[in-house]
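An overview of the molecular structure
Here's the letter readout for the chains.
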Amino acid sequence: MSSTATPELSIGINQANGLPGAKNNDDVVSEIRHKIDLNPADILSYLELVQYYESKDFFKESREVYNSLHDKFPTYSPLWTLQLKGELQRDEFEFVEKMLAQCLSGKLANNDLPLWSTYLDYVRRRNNLITGGQEARAVVVKAFELVLDKCAIFEPKASQFWNDYLNFLEQWKPVNKWEEQQRLDMIRTLYKRMLCVPFENIEKMWNRYTEWEQDVNSLTARKFIGELSSEYMRARSLYQEWSHITKGLKRSHPVSVSTANKNNIPQTQEGMDPSQLQVWLNWIQWEKENKMSLSQDLLNRRLTYVYKQSVQYMLFAAEMWYDYAMYISDVSERQQILYTAVLANSDSPSLTFKLAESYESDNKFDEVKKCFEDCTNALLHGYQAMSNEQDDDSILVSKQRKKLTFVFCIYMNTMKRLAGLSAARMVFGKCRKLKRILTHDIYIENAYLEFQNQNDYKTPCKVLELGLKYFQTEALYVNKYLDFLILLNRDSQIKTLFETSIEKIQDLTGLKSIYRKMISYESKFGNLQNVYSLEKRFFERFPQENMIEIFTDRYRIQDENLIKKLELTYLEDDPISSSDMVEFTGGTSLKRTRETQEKLQSNKRQKNKLGIPEEVVNVLAILPKRQYFKAPLLDPQSLINYLNDQVELPSSK
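Note that the coordinates shown come from a computational prediction; the quantities given were computed from them, not determined experimentally. (Residues numbered from 1 in each chain as written. Predicted model: local features only at pLDDT ≥ 70, side-chain atom pairs only at ≥ 80, totals over all residues. Heavy atoms only, no water.)

**Regarding the overall build of the protein**
Within the protein, the regular secondary structure consists of 31 helices and 0 strands. Counting all 653 residues of the protein, 42% fall into the buried class. Look at the contacts in the protein between residues 6 or more apart in sequence, and 61% of them connect residues 24 or more apart. Summed over its atoms, the accessible surface of the protein is roughly 36900 Å², and 51% of this surface lies on carbon and sulfur atoms. (Helix = DSSP H or I, 4+ residues; strand = E, 2+ residues; numbered from the N terminus. Buried < 20%, exposed > 50% of the residue type's maximum accessible area, 1.4 Å probe, protein only. Contact = heavy atoms within 4.5 Å. Areas by Shrake-Rupley, 256 points an atom, 1.4 Å probe, with all protein chains shown as cover.)

In structure tokens:
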């Protein structure tokens, strides 16, 4: 393959020929693989490596990178499409045929229209109408029908496919009257199928159809057009409704490896747009209402198509995968979807737990264990990568530690349920080796697990004392430890823990909460002199605190300060709780009320915005009127879409 057929690289310092300058091959590959190692779900880094290998004509290596991507993201169709296009450019037809069989059939069959259109391109290239004649045409028509049945009939953005199919049939040059009649019947059948489903440009296709019927036979045109008009009107109305429901939906994919960027490749959870998730959920809900009055079988196929599209563009949205899996009633198929979801989201707690539940229902205990092992390994790998790049106290690293600990807690509890206390203790043994990587929650969780299963305080207290070695300066851990001892009514241990901890804790807010907990404990279960003594020590340490607030805290009932809520309401941060609000408003959601207020404020801000800049008005004023142009010279929407999806502007930094 010539160098002109490969795109310019986006890595390193590029020379005029687009190849890296100062770096040799090993440096470039190592740099990219390091980025992949830091984030195994970073599809862009994989494609960057593909781009580099193809620029060097290392096609075997690029295929290996693609294989790694397909193993992790088997249902993400744009990856298959990009690879197929590259292989077709090099006329690797045998390899393309194997790939098509792999990605378009079986359990993980993709139903993406661009991917199936690539299959169609392959079929048309392999079946030349000039040399193959009627037999080749029949094969291509069969391919068109297959694509139509698999995805085009369900896709609202399928106007290009319909147009290509019509053009193919219209360009057919019949050799006799029988072939001519066959061609006309096929075109009319295609129009009938097309104009009964909602899709973009349906109005243009209707006008094209009516003109075609008039050209074929003006005497029968009114009859055929009349039979189809009501179905067309309904489909047009449904497309307008769908457009309103899905307004703002982004469905872009790279047209080549060189155009892959953050605008057209799904980003991991931190870079995901939640508003896009909501639009997909709105679309699915709209489909479930079955406004097209489809049969149950066809409705299920249509919904499955939309779900497969949704998890493709919302690749790292756990809720989208979960919603898709729960829609599927077949147990094995649901399990396969969850397995695919976890492949792409190996560090997702929710998807891991749901897949583990699925395996547990089938008594596949080894698979349950593997689910948790894979998830904890992925999270641990992510933590190690983050800690090498950032401080251990950074928000991202802290969040990763919390997530890893949380999964280990559920893993430990699940093993107790499945295999008994010894299996849970083995998981806790692994956690002890991780020491300060995990948060204190694992010790608290294990203490309660031990207590619930043995009804004995000695082992739980040993666990909590062990945790105290690592978290003695954390106020939250001491607070939870106190809660456990209060539950067991271990008075001497409570006071010992309090006295040994207050001088070690530097977090003043946490220290206040510990003092308050002890004052409340002595007020309920101790004596008044101890309460006064603790209050005196508290105010010596925190003289600025409000005395009456500390007093009212002593009289909490079920962790609620009713004196402040009912009498000293001016001291209450939120005088009416959200539960009270629901009661007072007859069940109206407080969240919905806040959303309404935010929407009103947003509308006010929109009204206050300045109008069109004067420079833009001046340019528009000197442009010729549109009446002077009989045909559009440029489709502005297509240009905007291309710039938004395929071009990544450099940052201003």
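Having seen it, we continue.
**Let's talk about the packing of aromatic side chains**
For any pair of aromatic rings, geometry is given as the distance between the ring centres together with the angle between the planes. Applying the stated criterion across every chain yields a total of 42 aromatic pairs. Judged by centre distance (5.4 Å) and plane angle (40°), the rings of F144 and F168 are tilted. Residue F144 is located in helix 7 (residues 129–150), and its partner F168 is located in helix 8 (residues 159–170); the two are separated by 24 residues in the primary sequence. Here F144 and F168 have matching classes, each one buried. Grouping aromatic residues by their ring pairs yields a cluster made of F144, F161, W162, Y165, F168 and F199. In this structure, R188 packs its charged tip against the face of F224, placed 4.0 Å from the ring centre. (Phe/Tyr/Trp six-rings, centres within 6.5 Å; stacked < 30°, edge-to-face > 60°. Lys NZ or Arg CZ within 6 Å of the ring centre and 35° of its normal.)

**Structural notes on unusual backbone geometry**
If you check the backbone angles, D91 has positive phi at about 60° while not being a glycine. Phi at D559 takes a positive value of approximately 60°, unusual for a residue other than glycine. Considering the arrangement of structural elements, one finds D559 in the loop between helix 26 (547–553) and helix 27 (562–566).

**Focus on the environment of K173**
Mapped onto the secondary structure, K173 falls in the loop between helix 8 and helix 9 (177–194). K173 gets classed as exposed once you look at its relative accessible area, which sits at 65%. Sequence separation of K173 and R183 is 10 residues, and the distance between their C-alpha atoms is 9.1 Å.

**Considering the state of the cysteines**
On inspection of all chains with the given rule, the structure shows 0 disulfides. The thiol sulfur of C409 is not disulfide-bonded, and the nearest other cysteine sulfur, from C431, lies at 7.2 Å. The class of C409 is buried, set by a relative accessible area of 6%. (Disulfide = S-S within 2.5 Å.)

**Remarks on the packing of helix 6 (residues 113–126) against helix 7**
Helix-helix packing: each pair is described by the crossing angle between the helix axes and the interaxial distance. Following both chains from N to C, one finds helix 6 and helix 7 inclined at 175°, their axes separated by 10 Å at the closest point. By the angle between their axes, helix 6 is roughly antiparallel relative to helix 7. From helix 6, L113, W116, Y119, L120, V123 and R124 reach across to helix 7, where they touch V139, V140, A143, F144, L146, V147 and K150. (Axes fitted to C-alpha atoms, helices over the stretch in contact; angles between N-to-C directions. Parallel < 35°, antiparallel > 145°, perpendicular 65-115°, else oblique.)

**Quick word on the pattern of salt bridges**
Using the criterion set out here, one finds 36 salt bridges in the structure. Here E87 makes a salt bridge to R90, at a shortest N to O gap of 3.1 Å. With its nearest N and O atoms 2.6 Å apart, the salt bridge here joins R125 to D91. Highlighted residues: R125 in helix 6 and D91 in the loop between helix 4 (77–89) and helix 5 (93–103), separated in sequence by 34 residues. Salt bridges sharing partners connect three or more residues here, namely K512, R516, E545, D553, R556 and D559. (Salt bridge = Lys/Arg side-chain N within 4 Å of Asp/Glu carboxyl O.)

**Overview of the packing of helix 22 (residues 475–488) against helix 23 (residues 491–501)**
Viewed as axis vectors pointing N to C, helix 22 and helix 23 meet at an angle of 165°, and their least axial separation amounts to 9 Å. Overall, the two elements helix 22 and helix 23 adopt an arrangement that is roughly antiparallel. Helix 23 is crossed by helix 22, and the crossing has left-handed handedness. Contact with helix 22, carried on its side by V478, Y481, L482, L485 and I486, involves Q493, I494, L497 and S501 of helix 23 and no other residues of that element. (Left-handed = near helix turned anticlockwise from the far one by under 90°.)

**Re the environment of S243**
Assignment of secondary structure puts S243 in helix 11 (residues 218–245). Taking the relative accessible area as the measure of exposure, S243 reaches 27% and is therefore partly exposed. For the pair S243 and E200, spaced 43 residues apart in sequence, the C-alpha separation works out to 9.0 Å.

**Digging into the nonpolar core**
Judged by nonpolar contacts, the single largest core of 175 residues is most densely connected at I43, L47, F73, F161, W162, L195 and M320. Per element, the largest residue contribution to this core is 9 residues, and it comes from helix 11. The contacts of W162, once residues within four sequence positions are left out, are L148, A152, I153, L190, M194, V197, F199 and M205. (Core = buried A, V, L, I, M, F, W, Y, C linked by side-chain atoms within 4.5 Å.)

**Here we look at the environment of V139**
With respect to the element layout, V139 can be found in helix 7. Given the relative accessible area of 35%, V139 is considered partly exposed. When residues no more than four places from it in sequence are discounted, the contact partners of V139 are V123 and N127.

**Considering helix 16 (residues 349–361)**
Because an α-helix completes one turn every 3.6 residues, residues spaced three or four positions apart along the sequence face the same direction. The terminal C-alpha atoms of helix 16 lie 18 Å apart, and with 13 residues this matches the ideal 18 Å at 1.5 Å per residue to within 8%. Counting buried positions along helix 16 yields 10 of 13 residues, so the element is predominantly enclosed. Tucked into the core, helix 16 has its buried residues touching helix 14 (318–327), helix 15 (331–344), helix 17 (365–389) and helix 18 (395–419). Following helix 16 by one or two positions, N363 has its phi on the positive side, about 60°. (Expected span 1.5 Å × (residues − 1).)

**Notes on helix 10 (residues 202–216)**
Spanning 15 residues, helix 10 covers 21 Å between terminal C-alpha atoms, matching the ideal 21 Å at 1.5 Å per step. Residues I202, M205, W206, Y209, T210, W212 and E213 constitute the buried set of helix 10. Taken around the axis of helix 10, the buried residues stretch over an arc of 160°, which confines them to a single face. Looking at helix 10, the residues exposed on the side facing more than 90 degrees away from the buried face are K204, E211 and D215. (Arc of directions from axis to C-beta.)

**Things to note about the side chain of S358**
Within the secondary structure, S358 sits in helix 16. Taking the relative accessible area as the measure of exposure, S358 reaches 12% and is therefore buried. Sequence-distant contacts of S358, that is, excluding residues within four places in its chain, are made with Q335 and L338.

**Let's talk about the confidence of the model for the protein**
Looking at the protein as a whole, the pLDDT averages 85, with 87% of positions reaching at least 70. Throughout residues 1–22 the model reports pLDDT below 50, and contacts reaching past four residues in sequence, or to other chains, amount to 39 contacts. Segment residues 575–593: pLDDT under 50, and 11 contacts once partners within four positions in sequence are set aside and those in other chains are kept. (pLDDT = per-residue confidence, 0-100.)

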